[in-house]
Amino acid sequence: MRSSLRATTALGVVLLFSASAAGPALADDGPSSAGAVGDVSVVEQTDSVTGAQETQDASGAYRGDVLVRFTPVADTGFHFEADTGKATYSTRAGSDDYSSVTVSSVGTGYFRLDTRKLPDGQNTLDVTVTETPDDTGSGATAQTVSGTVGLTVTNPSAVFTSPQAHTLVWGATTYTVDAQPATDGSAIDHVDFYETALFTKSNKPRATDDTAPYTYTSTYSAMAYHPVVQAVTVDKDGYRSAPVSLQLTATPGPTVTATTSAPRLAYGGADSMDIAWTAAVPYGWNRTVSDPKRYEVWLTKEEVAVDGMTVRSYADGDTQFSPLQVQNGGVHHIDTSWGDGLDTSAWSVGTHTVTVTVTDSTGAVGTASVKAVVTADKLTATAPGSVVLGKSVTVSGLLTAGTGNPLAYRTVSLQARPAGSTAWKTVATGTTNGNGTIALTTKPARNETLRLVAAAGTKPVSTALKVSVSPQVTLKASATTVRRGVTVKFGGAVASKETGATVKLQVYRSGAWTTIASKPQSSTGQVAFSVSEKTKGTFTYRLLTVATTGFAAAHSPSVKITVS
């Protein structure tokens, strides 16, 4: 690697410093062998930082400020223009003015060199002086003579270990430096950190840390920009390292907002999910530049994802309909406003997260999310709670999307589960009308639970409805007028025909029905009773069936008997 610094004084002195192996002690660029810059050497000088007398260390290397001395000798027919000027060095670490260089036609020149800005190790210093012809009319032109000297440099060092250059940061950001002492130098005293106002001898550091690991924390919160932080290691003797710089990208990422007008959706894609968003580069990045595309930072990508899966993607320079569609002259976008309708036909019932992710040309990302709920279809049902055995019962239903919109012309089935069974059986099927309503009829043979079931969509099932079935009960008397003590025979029939089910004969006395006899019914549902009243009067009788698993309780019409 070659690192050099070069300047020309008003006297025509050119100072070239290169990081390479030392060359010959003297060199002559002129046409004769007389001209040269001789006796180029490093001499002692008081260090301007520490005030100490500068000497070589034990390794023969130099630190801090040193004085370079040289003696120019002109070629025959040439001379040096006597004057005094400044020597300015431009190195890998920046530029700085050091000291005067005095050159006379016969004499010695000097300049001061700050080795802190030079690469550590062996370096070569080239001193070149321009000489002027004595006879300007002879056709001779100005030319140069030069000389060299080797110089070994060793200083403390500073290296940023984190973060990496051009890292995207925002908020509190900590910089860490690895500081090492010079060879044969003293221990590290502290590290100075510079930001905004970078390192010069007159600038004060932004922060100083005297404990390893050496860190500096800066907080970025106002605007996006490229901060530059410099670090300088200082040892116990006051020698400084060359400043090292680190540039980052401080940005919060693009600002993104997203909204939806449809947070509740019907299942099956009946509703599209509308999402609208705006995006912009953060404050600080919207500066115009000379580039034909005009902006320093611009939006490069916008994506829409549903539950983490990208469903829309737009890129800077799109030629088709897009928020980042190429503009006249190829001007980039620094802000956009866009909207999309998303197909929801494959969305499951439940909550879904829709995220808009926007990337700018620095690589920074901004996001915004909205949630949408896909609702299940709904099926409601109503029916009478009881029915007489042998009669029909109608179940009415309404099928709607979860958003409340009716679902027309959808197939719906009526299912029944008889008492004592766990299995559902379809007993009727139909189609909803344009309003989403339906009516289906069944004739229960015993107590049943009924429900409606939709065949499509989320296949909703209505609430189960219990329907009690009451059997018809009849009662006949052998006579309606009898004398006291005469037996009256009653015959009854129960339509349920439940063998063994209890049937009671009751009489109405003192404002209440009283059971006077009970028997199990036969397999034909028949039952018989005999009654003999001992007192005169009119008596009212009825036949009552006790409720069973299969049927509700029921009673016959009443029968009146007059006893004289």
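Residues numbered from 1 in each chain as written. Predicted model: local features only at pLDDT ≥ 70, side-chain atom pairs only at ≥ 80, totals over all residues. Heavy atoms only, no water.

## A look at the nonpolar core
Going by this rule: Definition of nonpolar core: a set of buried residues of the types Ala, Val, Leu, Ile, Met, Phe, Trp, Tyr and Cys, connected through side-chain atoms within 4.5 Å. Each residue is assigned to one of three classes by its accessible area relative to the maximum for its type, calculated with a 1.4 Å probe on protein chains only: buried under 20%, partly exposed between the two thresholds, exposed over 50%. Numbering of helices and strands runs from the N terminus, with a helix taken as a DSSP run of H or I at least four residues long and a strand as a DSSP run of E at least two residues long. We call two residues in contact when some of their heavy atoms are within 4.5 Å.
Counting residues in hydrophobic clusters, the biggest one holds 30 residues, and the most contacted among them are Met273, Ile275, Trp277, Leu342, Trp347, Val354 and Val356. Secondary structure elements with two or more residues in this core: strand E21 (255–260), strand E23 (273–280), strand E24 (299–306), strand E26 (335–342), strand E27 (350–360) and strand E28 (365–375). Residues contacting Trp277, with those up to four places away along its chain left out, are Thr257, Ala258, Glu302, Val304, Tyr314, Pro323, Thr336, Ser337, Trp338, Gly339, Asp340 and Val356. With 23 residues, the next largest nonpolar core counts Leu399, Leu450, Ala454 and Phe551 among its residues.

## Quick look at the side chain of Thr173
When you line up the elements, Thr173 lands in strand E14 (residues 171–180). Leave out the neighbours within four places in its chain, and Thr173 touches Tyr216, Thr217, Ser218, Tyr220 and Leu248.

## Brief notes about unusual backbone geometry
Put simply, Ser162 and Pro163 share a cis peptide bond, and its omega is -5 degrees. Geometrically, the link from Ala212 to Pro213 is a cis peptide bond, its omega value of -5 degrees lying close to zero. The residue Pro213 is located in the loop between strand E16 (207–209) and strand E17 (214–220) in this model. Even without being glycine, Asp307 reaches a positive phi, approximately 50 degrees. Note on placement: Asp307 falls in the loop between E24 and strand E25 (309–315). What makes Asp307 partly exposed here is its relative accessible area of 44%. For Ser510, which is not glycine, the phi dihedral falls at a positive 55 degrees. Note that Ser510 resides in the loop between strand E40 (502–509) and strand E41 (512–520). The exposure class of Ser510 is exposed, given its relative accessible area of 82%.

## Topic: the sheet that holds strand E33 (residues 425–431)
This is how it is decided: Strands are treated as partners if at least two bridges between them are detected by DSSP. Helix axes use the C-alpha atoms of the stretch in contact, all axes being lines fitted to C-alpha atoms, and the angles between their N-to-C directions lie in the range 0 to 180 degrees.
Spatially, E30-E36-E35-E32-E33 is the arrangement adopted by the 5 strands of the open sheet, whose pairing is mixed. In this open sheet, the two edge strands, each paired with only one partner strand, are strand E30 (386–388) and E33. Neighbour-to-neighbour, the strand axes of the sheet open up by a mean angle of 30 degrees, direction not taken into account. Where strand E32 (residues 411–418) and E33 come together, 6 bridges link them in antiparallel fashion.

## Details of the packing of aromatic side chains
Two descriptors summarise a pair of aromatic rings, namely the distance from one centre to the other and the angle between the planes of the rings. Here is the rule we go by: In summary, the pairing rule links any two rings of Phe, Tyr or Trp, Trp by its six-membered ring, whose centres are within 6.5 Å, and it sorts them by plane angle into stacked for under 30 degrees, edge-to-face for over 60 and tilted for everything else. Only when the NZ of Lys or the CZ of Arg is both within 6 Å of the ring centre and within 35 degrees of the ring normal is a charge said to sit over the ring.
Inspection of every chain in the model, using the stated rule, returns 8 aromatic pairs. Ring geometry for Tyr314 against Trp338: centres 6.2 Å apart, planes inclined by 70 degrees, an arrangement best described as edge-to-face. Pair noted here: Tyr314 is in strand E25 and Trp338 is in strand E26, with a separation of 24 residues, a long-range link. Exposure remark for Tyr314: the relative accessible area of 10% places this residue in the buried category. Centre to centre, the rings of Tyr508 and Trp513 are 5.1 Å apart; their planes meet at 65 degrees, and the pair counts as edge-to-face. Look at Trp513 and you get partly exposed, because its relative accessible area is 31%. An aromatic cluster is defined as three or more aromatic residues linked by ring pairs; in this entry it consists of Phe160, Tyr175, Phe193 and Tyr216. Above the face of the Trp424 ring, Arg451 is positioned so that its terminal group lies 4.0 Å from the ring centre.

Functional significance is not addressed by these values, which are geometric in nature.
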